[in-house]
Amino acid sequence: MGAPPSQEAAAAELSELVSSLRGSGRDDAAYCAAHAGTFLLADRAPDDVTRFSNEYRPQRPRRAEAPIDEEAWFKLLAHPDDDPFVAKVFECVLGAVRSVRSVPLAKVGLHAHDAAHPSRSSIAVVRALGAAAFALDAPMPLAFVVPERSSAIEVLPTDPIASIAGAKVTAGRSLEELAFLAGHHMARYRPSQYVRVLYKDSIPELTSLFAASLRAGRPQLAVDPSIAKVGDQLRKLMEPAAVARLERVVALFLERGPKIDIARWLEGAERTSLRAGLLLAGDVASAKSALSLIESAPDGALSDIVTFAMSEQYWALRQRLGIALWPDSPVPTKEPEHVRASPSVFPPPQEIDEAIARAEAQEAAQPSEAAVDTAPSDAATTSADALEREPAAAAENADAAEPSLFSKPSIPTGLVAADLSSEERAAATAAASDAEAASAVDRPTVSAPQPSVGERIDVIVAALSALEDPLEKTEIAQWIATLVSALRSAYARTPSDYDARDDANQDEPDTFASALVDACRWLSIAPPIVAPFEGLGVLWSSPPSTPALVLVDPERDRALAPDARRWLAAECAAQFVSMRVAMRVAPTPMLLADAVCAVASALAQGDEGDSEGSSAHAVVRHVLADSGLRSSLEPLARRLSAEVFRGAVARWVHSAERGAVRCALALCDRDGCEDEVFAARPFRPGFLGPDEWRAVVAEARASEHVLSARDARGVR
């Protein structure tokens, strides 16, 4: 075996590969090669390759336009050690095994109505799971966010299927890292891999299950008597169609030669899952960072990921899923058909509401079932005997039986479901003053023919939360939001500074103040105080003990067309939602960036800087004087440079404004008023420009969340 190539030779080879791919019209493959090569060679990578990789690197993971099909999964994505025969055997018996091994959701301390919908949630990890479920053609589990749990993403052996997102993924992770973790996680929900969840990757148990599955597919097969007994019971639990599929797969497996190496398959399946994570993240550096959260990652996992990123299989998958930056030239004339080789035993993603309803019905019946379970039963001598007489009874009494292949898995402890929307619902109830606002977005009431005002607000708040730009939820965005108290100390103005009153103009029709109150009601937030001042919608945040402040020129207010006034008021109100307040505490984005950079530099260098007397210096003093604030901001400030923060502030301000524009479109009563809004809307330096604003409006017009909010308000 020859010596590895030198850094210089590797750099030359990389440059040649990228040039060759670009010359043949395969720009996306060239980008992937440049990206992975730059990661490997670091500062030794050719300048043109590094520039090409950095210039076209997406700001966020690209979402799949089509799911992966069965052929692409096994021929392009699967690791060579992920034996398709083993995978298909496990897939055929999964329905029967789940009927015995799964536990009710209530037994792990969770309730279906607390689950977060990926299409409605604003939580980044939940949305990443939804995107991964679609891309990998996997069923979407009920997703629970439990920040109190010190873990990343856990999969539970429950019915309905469920996952838990813990503290390690609810904050401090980039969108690329979340996409990688979600892809790795959702790969386990593919029917060919889910037995890993039910048996916790136990090699002895999975080996026994595989041998029993072979016996179930060919009853005349000579195996150990104990395995034969389990295989016969397994066949009885299977549907006739599943038995027919299993017989065909077992015949093919035995023709190849009955060599069983479950340990090798398990490691190969795990490497397949990691490849799925890279496919959805599209970023090798983020994959490396996220690998530290995956305990099951095998040795050499990063090497396999990088090799896969440089492969034809990876490049082809990006084209097939529609996540490539550019289509290959020539463009394929026919899209690959999406065909599943066998039906899934899970509900498809669109049936998540039905899954919740079934789980709630199961929870309601749980007390009576528990009473039956406490009765002694002589029939439960062994799991296999119990299954032969009554499979359902054996499943319920598995805990009392001797351990066997069909014993119930151990249940995670310490789970406490988080009420994800309690604050929103409390705010909505207070705003609507409606005692009937008790049902969640995920569970619309059926007793009343028309939704109450509170319920309509619940739907609108959920839809508008989903309109938030991904950049609004990044680690740096949260870091900036943490600075609000310090920013207020330097920049905030109080209503008394402008002789403003709480009730000024709010009850008068056709004023900016009244339109603002109406928009805030639908957003379920407290309305700001409007004060007369030159300009339109100039926002400053007052101290926490007083309402927020909006400055509006009365003459310009009177000159506005009604629809334009409602739009601008809605856009203004949306800028007080979530973490966007930080954007408006400082008078301009430039001053905000100056303050952020000053704080980052001071925390990294351990001093107050040399800009004494400036407003940024005042923010720095406030941060350094508050030990709690300082400790929460210091880790990221030491990790990133001040210039990184400056660029991040600019991008975050634009993302926050994009989310506000989408909210305004959802809360506007009439289509076609964009020109009136465009003529009246102020475009200030550092914010969205006219062309960008029009582009956001055009993109948001067809958004399902915009349409959902309008439906709830009854304006569509």
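About the criteria used
- Position numbers for residues start from 1 in each chain and track the written sequence from start to end.
- In keeping with the predicted nature of the model, local features appear solely for residues at pLDDT of at least 70, side-chain atom pairs appear and are counted solely at 80 or more, and the whole-chain, interface and lining totals rest on all residues.
- The side-chain figures draw on all heavy atoms in the structure; neither hydrogens nor water molecules are used.
- When DSSP finds at least two bridges between two strands, those strands are taken to pair.
- Helix numbers and strand numbers start at the N terminus; a helix is a DSSP run of H or I with at least 4 residues, a strand a run of E with at least 2.
- Angles here are taken between N-to-C directions and fall from 0 to 180 degrees, while the axes themselves are lines fitted to C-alpha atoms, restricted in helices to the stretch in contact.
- Pairs of residues are marked as contacts when any of their non-hydrogen atoms sit within 4.5 Å.
- Pairing of aromatic side chains requires ring centres within 6.5 Å, counting the rings of Phe and Tyr and the six-membered ring of Trp. Pairs whose planes differ by under 30 degrees are stacked, by over 60 edge-to-face, and all others tilted.
- Residue exposure (1.4 Å probe, protein chains only): buried if accessible area is under 20% of the type maximum, exposed if over 50%, otherwise partly exposed.
- The rule is short: NZ of Lys or CZ of Arg within 6 Å of the ring centre and within 35 degrees of the ring normal puts a charge over the ring.
- Joining through side-chain atoms within 4.5 Å is the link that ties buried Ala, Val, Leu, Ile, Met, Phe, Trp, Tyr and Cys residues into a set, and such a set is a nonpolar core.
- Orientation labels follow simple angle bins: below 35 degrees gives roughly parallel, above 145 gives roughly antiparallel, 65 to 115 gives roughly perpendicular, and whatever is left gives oblique.
- Less than a right angle of anticlockwise turn of the near helix away from the far helix marks a crossing as left-handed, whereas a clockwise turn marks it as right-handed.
- When residue character is reported, Ala, Val, Leu, Ile, Met, Phe, Trp, Tyr, Cys and Pro are called nonpolar, Asp, Glu, Lys and Arg charged, and the others, Gly included, polar.
- The predictor rates its confidence in each residue with pLDDT, a number between 0 and 100.
- Here a polar contact is taken to be a pair of N or O atoms separated by no more than 3.5 Å, where protein atoms must pair a possible hydrogen donor with a possible acceptor and residues adjacent in sequence count only if both atoms sit in side chains.
- Between the first and last residue of a helix there are one fewer steps than residues, each counted as 1.5 Å, and that sum is the expected span.
- Put simply, a salt bridge is a Lys or Arg side-chain nitrogen that is within 4 Å of an Asp or Glu carboxyl oxygen.

## Some words on the sheet that holds strand β3 (residues 153-156)
Link 1 in the chain: On the basis of which strands lie adjacent, the open sheet formed by 3 strands has the order β2-β5-β3 and mixed pairing. Two strands in the sheet have a free side with no partner beyond their single neighbour: β2 (142-145) and β3. Neighbour-to-neighbour, the strand axes of the sheet open up by a mean angle of 25°, direction not taken into account.
Link 2 in the chain: Taken together, the 4 bridges between β2 and strand β5 (residues 162-165) define a ladder with parallel strand orientation. The partner of F144 across the bridge, within β5, is I164.
Link 3 in the chain: Helix α8 (residues 175-186) contacts β3 and β5 of the sheet and is inclined by roughly 15° relative to β3.

## Looking at the packing of aromatic side chains
Link 1 in the chain: A complete count under the given rule lists 15 aromatic pairs for this structure.
Link 2 in the chain: Relative to W326, the ring of F52 lies with its centre 6.4 Å away and its plane at 15°, an arrangement referred to as stacked. Linking F52 in helix α3 (residues 47-55) with W326 in the loop between α16 (312-321) and α17 (352-373), this pair joins segments that are 274 residues apart in sequence.
Link 3 in the chain: Owing to a relative accessible area of 24%, W326 belongs among the partly exposed residues under this scheme.
Link 4 in the chain: A connected cluster of aromatic rings, assembled from ring pairs, spans F85, F90, F210, F253 and W265.
Link 5 in the chain: For the cation-ring pair, R22 lies above F52, with the distance from its terminal atom to the ring centre recorded as 4.2 Å.

## Looking at the nonpolar core
Link 1 in the chain: Residues F90, F180 and L278 are the most contacted members of the largest nonpolar core, which totals 105 residues.
Link 2 in the chain: By size, the runner-up hydrophobic cluster in this structure holds 84 residues, among which are V484, L523, V577 and L688.

## Quick look at the sheet that holds strand β8 (residues 549-552)
Link 1 in the chain: Taking strand neighbours across the sheet as the criterion, the 3 strands line up as β6-β8-β7 in an open arrangement whose pairing is mixed. Only two strands of the sheet have a single partner each, and these edge strands are β6 (529-532) and β7 (538-540). Adjacent strand axes in the sheet meet at a mean angle of 30° when their direction is disregarded.
Link 2 in the chain: The pairing of β7 with β8 spans 3 bridges and is antiparallel. When the sheet's bridge partners are listed, L539 is paired in β8 with V550.

## Looking at unusual backbone geometry
Link 1 in the chain: Omega for the peptide link from D159 to P160 comes to 5°, which places this bond in the cis form.
Link 2 in the chain: Within the secondary structure layout, P160 lies in the loop between β4 (158-159) and β5.
Link 3 in the chain: With a phi close to 55°, A42 is a non-glycine residue in the positive phi region.
Link 4 in the chain: With respect to the helices and strands, the residue A42 is situated in the loop between α2 (27-41) and α3.

## A closer look at the packing of α8 against helix α14 (residues 284-291)
Link 1 in the chain: As a packed pair, α8 and α14 sit with axes 8 Å apart at the nearest point and diverge in direction by 65°. Regarding the angle of α8 to α14, the classification is roughly perpendicular. Relative to α14, the crossing made by α8 is right-handed. For the pair α8 and α14, contact is made by E176, E177, F180 and L181 and by S286, A287, S289, A290 and L291, respectively.
Link 2 in the chain: The residue inventory of the contact of α8 with α14, partitioned by class, reads 5 nonpolar, 2 polar and 2 charged.

## Side note on the confidence of the model for the protein
Detailed reading of the predicted coordinates is not advisable wherever pLDDT is low.
Link 1 in the chain: Residues with a pLDDT of 70 or more make up 75% of the protein, whose mean pLDDT is 77.
Link 2 in the chain: Averaged over each element, pLDDT in the protein is lowest for helix α18 (residues 383-389) (33) and highest for helix α13 (residues 262-281) (95).
Link 3 in the chain: Throughout residues 368-403 the model reports pLDDT below 50, and contacts reaching past four residues in sequence, or to other chains, amount to 35 contacts.
Link 4 in the chain: Note on residues 416-451: pLDDT is under 50 here. Beyond four places in sequence and across chains, it has 59 contacts.

## Some thoughts on the environment of W479
Link 1 in the chain: Within the secondary structure layout, W479 lies in helix α22 (residues 475-482).
Link 2 in the chain: Residues within four places of W479 in sequence aside, it is in contact with V596, V599, A600, L603, L633, L636, A637 and F645.
Link 3 in the chain: Here the side chain of W479 touches L633 through a polar contact of 2.8 Å, landing on its backbone oxygen.

## Some words on the environment of E699
Link 1 in the chain: Mapping E699 onto the fold places it in helix α33 (residues 690-700).
Link 2 in the chain: Note on E699: relative accessible area 52%, which makes it exposed.
Link 3 in the chain: Sequence spacing of E699 and R662 is 37 residues, and the spatial spacing of their C-alpha atoms is 8.9 Å.
Link 4 in the chain: Among the polar contacts listed, one links the side chain of E699 to the side chain of R662, at a separation of 3.5 Å.

## Focus: helix α24 (residues 512-523)
Because an α-helix packs 3.6 residues into every turn, residues spaced three or four apart end up facing the same way.
Link 1 in the chain: The terminal C-alpha atoms of α24 lie 16 Å apart, and with 12 residues this matches the ideal 16 Å at 1.5 Å per residue to within 8%.
Link 2 in the chain: Taking burial as the measure, the 12 residues of α24 include 9 buried ones, the bulk of the element.
Link 3 in the chain: By the burial criterion, the buried members of α24 are F512, A513, S514, A515, L516, A519, C520, W522 and L523.
Link 4 in the chain: Just downstream of α24 lies S524, where phi reads positive at about 60°.

## Focus: the pattern of salt bridges
Link 1 in the chain: Under the defined criterion, the tally for this structure stands at 31 salt bridges.
Link 2 in the chain: Taking the shortest distance from any N to any O, the salt bridge between E70 and K88 comes out at 2.5 Å. Of the two residues, E70 sits in helix α4 (residues 70-77) while K88 sits in helix α5 (residues 84-101), which places them 18 residues apart along the sequence.
Link 3 in the chain: Judged by its relative accessible area of 10%, E70 falls in the buried class.
Link 4 in the chain: The class of K88 is buried, set by a relative accessible area of 16%.

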